[in-house]
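Geometric and topological summary
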2 protein chains.
Amino acid sequence: MSLAQLEYFVAVAEEAHVGRAAQRLHIAQPPLSRQIRRLEDELGAPLFERTPRGMRLLPEGEVFLAHARAILRAVGDAQRAVRARHGV
Amino acid sequence: MSLAQLEYFVAVAEEAHVGRAAQRLHIAQPPLSRQIRRLEDELGAPLFERTPRGMRLLPEGEVFLAHARAILRAVGDAQRAVRARHGV
DNA sequence: TGAGGTTACGCCTATCGTAATAATG
DNA sequence: CATTATTACGATAGGCGTAACCTCA
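A short tour of the structure in this document, coming up. (Residues numbered from 1 in each chain as written. Chains lettered and ligands numbered in written order. Predicted model: local features only at pLDDT ≥ 70, side-chain atom pairs only at ≥ 80, totals over all residues. Heavy atoms only, no water.)

So, the protein's contact with DNA strand C
Applied cut-off: Distances are taken per atom, and a residue is near a molecule or strand as soon as one of its heavy atoms is within 4 Å of it. N or O atoms closer than or at 3.5 Å make up a polar contact, with two conditions inside protein: a donor-capable atom paired with an acceptor-capable one, and, for residues adjacent in sequence, both atoms drawn from side chains. Comment: elements are numbered from the N terminus, with helices defined as DSSP H or I runs of at least four residues and strands as E runs of at least two.
Taken together, the neighbourhood of DNA strand C is formed by 22 residues, with Tyr8, Ala28 and Arg38 of chain A together with Ser33 and Arg50 of chain B sitting nearest. Take the atoms of DNA strand C that sit within 4 Å of the protein: sugar and phosphate atoms are 67% of them. Residue Gly19 of chain B places a main-chain N or O atom 3.3 Å away from a phosphate oxygen belonging to DNA strand C. Between DNA strand C and the protein, one listed contact pairs a phosphate oxygen with a side-chain N or O atom of Arg50 of chain B at 2.6 Å. For the surface near DNA strand C, the secondary structure elements donating two or more residues are α3 (29-43) of chain A together with α2 (18-25), α3 (29-43) and β2 (54-57) of chain B.

Okay, structure coming up:
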């Protein structure tokens, strides 16, 4: 699992659409689709239901979304904390 | 910043020694040294003081260590949460 | 001068983008 | 049949390991 995968996952979850999430992330659709798949494989559980209209979060995905956001927030906190301390 | 870099950083902080940390991580010393440097560059602040005996955490490093551990713990929590939910 | 950290350099895996393919209402 | 996601495939970048180098008590 990588931080990029977490950012990708959050974007897809919020957009419910791989194409729109890819635009927002400034990457192409296929790599995004692949990374989501890899993440699901690694976790051993699907996170989305694929529909012809887009992606819908499964319950496992809802659970993971909260955790993913918390991790990304913690990363931002860590960066800010060091920079604040260094600024002193 | 990557999760691997965080694991590397925690290992070096705990061992206070790049060589021992590298052994523990099962990687060679140079890549570990490089990743620590890259992390410091990205954060814009040194995290260690280099001494002839090894590495000593600077105050910025102490601050970052707590955050790094929190992030890695959160990653483990996220994986467990999804797998527990999926197991149901 | 010895212990420890860092550069140089080459390889190799992983990720990306473009193009083509599959699936489904 | 149009929209969306996925697979194929080639190119590129990032990370690792070995070997050589630097630094300091």
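On we go.
Things to note about the packing of aromatic side chains
Residue and element names in this part refer to chain A. This is how the line gets drawn: Only Phe, Tyr and Trp rings are paired, with Trp represented by its six-membered ring, and only when their centres lie within 6.5 Å; those with planes under 30 degrees apart are stacked, over 60 edge-to-face, the remainder tilted. Classification of residues uses two cut-offs on accessible area relative to the type maximum, computed with a 1.4 Å probe and protein chains only: under 20% is buried, over 50% is exposed, and between them is partly exposed.
Scanning all chains against the criterion turns up four aromatic pairs over all chains. Taking the centre distance of 5.5 Å and the plane angle of 55° together, the rings of Phe9 and Phe48 count as tilted. Taken together, the positions of Phe9 in helix α1 (residues 3-15) and Phe48 in strand β1 (residues 48-51) put the pair 39 residues apart, joining distant regions of the chain. Like Phe9, the residue Phe48 is buried in the burial classification.

A look at the protein's contact with DNA strand D
Of all residues adjacent to DNA strand D, which total 22 residues, the nearest are Ser33 and Arg50 of chain A together with Tyr8, Ala28 and Arg38 of chain B. Here the atoms of DNA strand D within 4 Å of the protein split so that 63% fall in sugar or phosphate, with bases taking the remainder. At 3.5 Å from a base nitrogen of DNA strand D is found a side-chain nitrogen or oxygen belonging to Arg34 of chain A. Residue assignment for the surface near DNA strand D shows that the elements contributing at least two residues are α2 (18-25), α3 and β2 (54-57) of chain A together with α3 of chain B.

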